[in-house]
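# Observations on the model geometry
Each chain, letter by letter, is given below.
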Amino acid sequence: MDERGWTDVEERIEAALRNRSPALRRQLCLLIQVLDWMPLLRYGRRFSALGAEARAAVLRRLQRSPALVLRRGFWGLRTLVLLGYYGRPEARRAIGYRADPGGWEARRRTTAGEGKGDEA
Amino acid sequence: MIERSYDVVIVGSGAGGGTAAVGLVPLVEQGHRVLVLEQGPRLADEEFTGEELEMAEALYADAGGFLTADGTMTLAFGQVYGGSTAVYTGTSLIAGPHVIEAWDIPGLTHTDVTERSRQYMDQNNVHLLEPELINENNSLFQKGCEAAGYEAHQFPINVKGCLGSSLCNLGCPNGAKQGTDRVQLPAAELCGVEVVTRAEVLRLEERAAMVRVSEKPPSEKGAPSEWEPGEYRVSARMVVLAGGAVGSPALLLRSGFGEHLPRLGERFTCHPALILVAEHPRPITNDVGHPKSFFVDRADEEGYVLETCMYFPFVTAKSLVGFGEEHSRFMAAFPRLQMILVLACDRATPGNRVTIDGAGRPVVHYRFTDEVVRALALGTRASARIFFAAGALRVHAPLASPTTLGAGEADRIDERVRPEHFTPGTVSVSAAHLMGGCAMGRSERDSVTDGWGRVHGIPWLRVADSSLFPDSLHINPYLTIMALADRTAEAIRLDAGELLAAGAEAGGGETEVAGGGPAATA
Ligand SMILES: Cc1cc2nc3c(=O)[nH]c(=O)nc-3n(C[C@H](O)[C@H](O)[C@H](O)COP(=O)(O)OP(=O)(O)OC[C@H]3O[C@@H](n4cnc5c(N)ncnc54)[C@H](O)[C@@H]3O)c2cc1C
Ligand code: SF4
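Once that is clear, we can look at the overall build of chain A. Of regular secondary structure, chain A possesses seven helices and zero strands. The linear arrangement of helices and strands in chain A, starting from the amino end, is α-α-α-α-α-α-α. For 120 residues, the compact-globule estimate of 2.2 N^0.38 gives 14 Å, and the C-alpha radius of gyration of chain A, at 19 Å, exceeds that figure by more than 25%. In terms of overall dimensions, chain A has C-alpha extents of about 60 × 35 × 30 Å along its principal axes. Within chain A, buried positions represent 38% of all 120 residues. Contacts in chain A between residues far apart in sequence, at least 24 positions, make up 36% of those at least 6 positions apart. Total accessible area on chain A stands at roughly 7500 Å², and carbon and sulfur atoms take up 56% of it. Here chain A holds 24 positive side-chain charges and 14 negative ones, and the gap between their average locations is 10 Å.

Structural data, given as structure tokens:
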């Protein structure tokens, strides 16, 4: 994903958070801080300074954490990232999502346009 | 504070509120004034675009992200003209006799629920979708059930002119789904019932609602409110609560009714559900066609119901456990995905209840019982069998570790999918069938209302929504909610002479309600 894509992801997340409660936004900020400092003991660096593999390992540990508060915190962050990412029309197109208000008729038109017939 | 005065005020315009509104038209015809207050907006037809995030923000409470108190389950409910009926799928089932009988509510019989449900099935054009309009996401479920030995039934649905956009849960872009927003509310408005949107009832007082009418934010969908923005005191001879299983108990609690009604907020159930996804070797029609045609009912035997379903990219991504390569692989296979919803038939359980926080906002406490987790595991096993029998290559099973089951593991499903793998906070559980909170029963010792939606000891206050359920229904609830709201409306019509004439004094103390007709008043 290019720079513009990331900006788009961030903007969508910000927009989603705009109408959420201040308490929820505070919790998220705190969680991001915790996440950033958590790897310091094991890796000697903050999360933001880690490579992709080490980051994934930290996140996996968070996801399986025995503490519910950390698991649900991770789940919340993950949900926001997925919202930002799959909220973008480019991402939906890339995975082949094609729902259209015009339903069957619209699908027949686009499929005929593509010259293939995968209809039921 | 602006003062207004009505004979009957209905709070909420969903399955219950819409039914109550149309059920009280005879009072309007007698010259009484009936008002519906809805906190959500009223959208124009062209504003239903089917865009996932945009529509979720416009139609759902918390944009569809309302979480239970410990953050382990998402509750989906509408906050718009038509309430959750604007976003439901429209599957229309009549409650089973054993469920209604087990509720054991004086005066509530299965025959009565059936007759009233049928009336709304007629109004809402309920029928079976024509076979040629059923997509492969649904037909593969049926085929898989046949091969794996499960009995699939076809859902009757309430559509008229359905184009098969698959977007029901984002609000129908074609006005085809026959929710209260399309049928009962417009009919009631045509007959003189007033509906005011963007009007949140903050608190109830003795025969009055304190209401805040909000300005339409410039970037939001929907029309401005029918009333000028501001704070209102709406006096009413009768108030009918139809704010849903979260909204109604929360409103009563923040209005201070908890002391008189000790059972307020209790008996909350919701059919906790898992969205399961499987990948086929070829593209199937999944994001075109009506999303929900079949179900398997194993409620009595194993505590779960399976339904076909189809979700949108973000909700699908959220439902898959984990992140990284495996997650992306499933998402990238979107045109080849088949989906099944596993619903656990939960039971009213002490502790699972609606309360309010310091600011009066609803808080839903919900703990997954062992029975619910077991039902989710059994339902996942059954779904995996159905997926593989239908030809799927891989199944994402949140209650397996690791979560992906390959077709080669089809004979190890029971071993791989286990209740112990259910980790709250890691597995995405959601619920859209919210029930209870102002449960029906016999007296304030065990419930909030009688079998006709009359709040114990408070003759001017009635309930007409899903919060009336004393326990979960085990099937999709909207028709039963309409049937119960229809009973509430009937009781109001019967009691109206006395209550609307003078505004009778509020009753007090404990009232034991015998069975019988709606005239057996509190
Ligand atoms: C995505 C989804 C799919 C579903 N699919 C099906 C299905 O296929 N079949 C089925 O049978 N059921 C289905 N359901 C469930 C069904 O829609 C609900 O059970 C039903 O609509 C609940 O009716 P209700 O009147 O209790 O509440 P709702 O329909 O939720 O209406 C309550 C209304 O009250 C308003 N309100 C609340 N508090 C206040 C207040 N203080 N002031 C003003 N207004 C207030 C809310 O904004 C809301 O509009 C589905 C639900 C969802 C969310
Ligand atoms: S599938 Fe039919 S009812 Fe559902 S949103 Fe599309 S047109 Fe409307």
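The structure having been displayed, the exposition proceeds.
Turning to the side chain of B:T403, a few remarks are in order. All names here are of chain B. The topology assignment puts T403 in the loop between β18 (394–396) and β19 (404–406). Overall, the relative accessible area of 17% leaves T403 in the buried class. In contact with T403, not counting residues within four places along its chain, are V321, V395, H396, A397 and P398.

Right, let's talk about the domain arrangement of chain B for a bit. Quite often, the size of an interface is put as the accessible area lost when its parts meet. Residues and elements named next belong to chain B. By domain assignment, chain B separates into domain 1 (1–125 + 160–270 + 433–511) and domain 2 (129–155 + 273–345 + 369–423). The C-alpha centroid of domain 2 is placed 32 Å from the C-alpha centroid of domain 1. With 20 residues of domain 1 in contact, the opposing surface of domain 2 contributes 21 residues. When the buried area of domain 1 at its contact with domain 2 is split by residue, E52, S166 and H474 rank highest and sum to 33% of it. At the junction of domain 1 with domain 2, the criterion picks out zero salt bridges.

Glancing now at the site of ligand 1. All names here are of chain B. Residues in close proximity to ligand 1 total 38 residues, the closest being E38, S84, T91, S466 and Y478. One nitrogen or oxygen atom from the main chain of G90 is found 3.0 Å from an oxygen atom belonging to ligand 1. Within the complex, 95% of the 1000 Å² of free accessible area of ligand 1 lies under protein. Listing elements by their share of the shell around ligand 1, those giving two or more residues are α1 (15–23), β9 (199–205), α8 (244–254) and α14 (478–502). By residue number, the principal contributor to the shell around ligand 1 is β9, which donates three residues. Its residues placed into classes, the shell around ligand 1 shows 15 nonpolar, 19 polar and four charged.

What follows deals with the interface of chain B and chain A. Taken together, the contact pairs 46 residues of chain B with 32 residues of chain A. Of the roughly 3400 Å² buried between chain B and chain A on both sides combined, carbon and sulfur atoms contribute 61%. Considering only the surface of chain B that becomes buried against chain A, B:D287, B:F314 and B:F323 emerge as the three largest contributors, covering 17% of it. Scanning the region where chain B abuts chain A turns up three salt bridges.

The next subject is a nonpolar patch on the surface. All names here are of chain A. On the surface, a cluster of nonpolar side chains totalling about 320 Å² of accessible area is made up of M1, W6 and Y85. Tracing the chain through its elements places Y85 in helix α5 (residues 68–86). On the basis of relative accessibility, which here comes to 33%, the residue Y85 falls in the partly exposed class.

It is worth spelling out the site of ligand 2 at this point. The local shell around ligand 2 holds 13 residues, among which B:C162, B:S165, B:C168, B:C172 and B:N174 are the closest. By residue class, the composition of the shell around ligand 2 is eight nonpolar, five polar and no charged.

Residues and elements named next belong to chain B. One finds W103, L204, F268 and L461 to be the most contacted residues of the largest nonpolar core, which totals 112 residues. Taken together, domain 1 (1–125 + 160–270 + 433–511) and domain 2 (129–155 + 273–345 + 369–423) each give at least three residues to this core, which thus spans both. With 42 residues, the next largest nonpolar core counts V80, V305, F330 and F334 among its residues.

Next up on the list: the packing of aromatic side chains. By the definition in use, this model includes 14 aromatic pairs over all chains. Look at B:Y366 and B:F368: their rings are 5.6 Å apart centre to centre, the planes differ by 65 degrees, and that puts the pair in the edge-to-face class. Residue classification places B:Y366 among the buried positions, given a relative accessible area of 6%. Take B:F368: its relative accessible area is 9%, and that puts it in the buried class. Every member of this aromatic cluster is reached through a ring pair, and the members are B:F268, B:Y366, B:F368 and B:F422. Lying across the ring of A:W37, A:R46 places its NZ or CZ 4.4 Å from the centre. Of note, B:R487 hangs over the ring of B:W452, and the distance from its end group to the ring centre comes to 3.8 Å.

Attention now goes to the confidence of the model for chain B. Residues and elements named next belong to chain B. When the pLDDT values of chain B are averaged, the result is 95; 96% of them are 70 or greater. A low-confidence stretch, residues 503–516 stays under pLDDT 50, and its non-local contacts, those more than four residues away or across chains, total 41 contacts. Reported for the predicted complex are a pTM of 0.94 and an ipTM of 0.92.

On to unusual backbone geometry. All names here are of chain B. Across the junction of S401 and P402, the peptide omega takes the value -5 degrees, indicating a cis bond. Along the chain, P402 turns up in the loop between β18 and β19. Located in the positive-phi region is R267, a residue other than glycine, with phi close to 65 degrees. With respect to the helices and strands, the residue R267 is situated in the loop between α8 and β12 (273–279). If you check the backbone angles, H474 has positive phi at about 75 degrees while not being a glycine.

What counts, and at which threshold
- Residues numbered from 1 in each chain as written.
- Chains lettered and ligands numbered in written order.
- Predicted model: local features only at pLDDT ≥ 70, side-chain atom pairs only at ≥ 80, totals over all residues.
- Heavy atoms only, no water.
- Helix = DSSP H or I, 4+ residues; strand = E, 2+ residues; numbered from the N terminus.
- Rg over C-alpha atoms; globule rule 2.2 N^0.38 Å.
- Buried < 20%, exposed > 50% of the residue type's maximum accessible area, 1.4 Å probe, protein only.
- Contact = heavy atoms within 4.5 Å.
- Areas by Shrake-Rupley, 256 points an atom, 1.4 Å probe, with all protein chains shown as cover.
- Lys, Arg positive; Asp, Glu negative; His and termini not counted.
- Charge placed at Lys NZ, Arg CZ, Asp CG, Glu CD.
- Domains from an automatic or database assignment.
- Buried area = accessible area lost by both parts, 1.4 Å probe.
- Salt bridge = Lys/Arg side-chain N within 4 Å of Asp/Glu carboxyl O.
- Near = heavy atom within 4 Å.
- Polar contact = N/O pair within 3.5 Å; in protein donor to acceptor, adjacent residues only side chain to side chain.
- Nonpolar A, V, L, I, M, F, W, Y, C, P; charged D, E, K, R; others polar.
- Patch = residues over 30% accessible without salt bridge, like charges linked within 9 Å, V, L, I, M, F, W, Y side chains within 5 Å.
- Core = buried A, V, L, I, M, F, W, Y, C linked by side-chain atoms within 4.5 Å.
- Phe/Tyr/Trp six-rings, centres within 6.5 Å; stacked < 30°, edge-to-face > 60°.
- Lys NZ or Arg CZ within 6 Å of the ring centre and 35° of its normal.
- pLDDT = per-residue confidence, 0-100.

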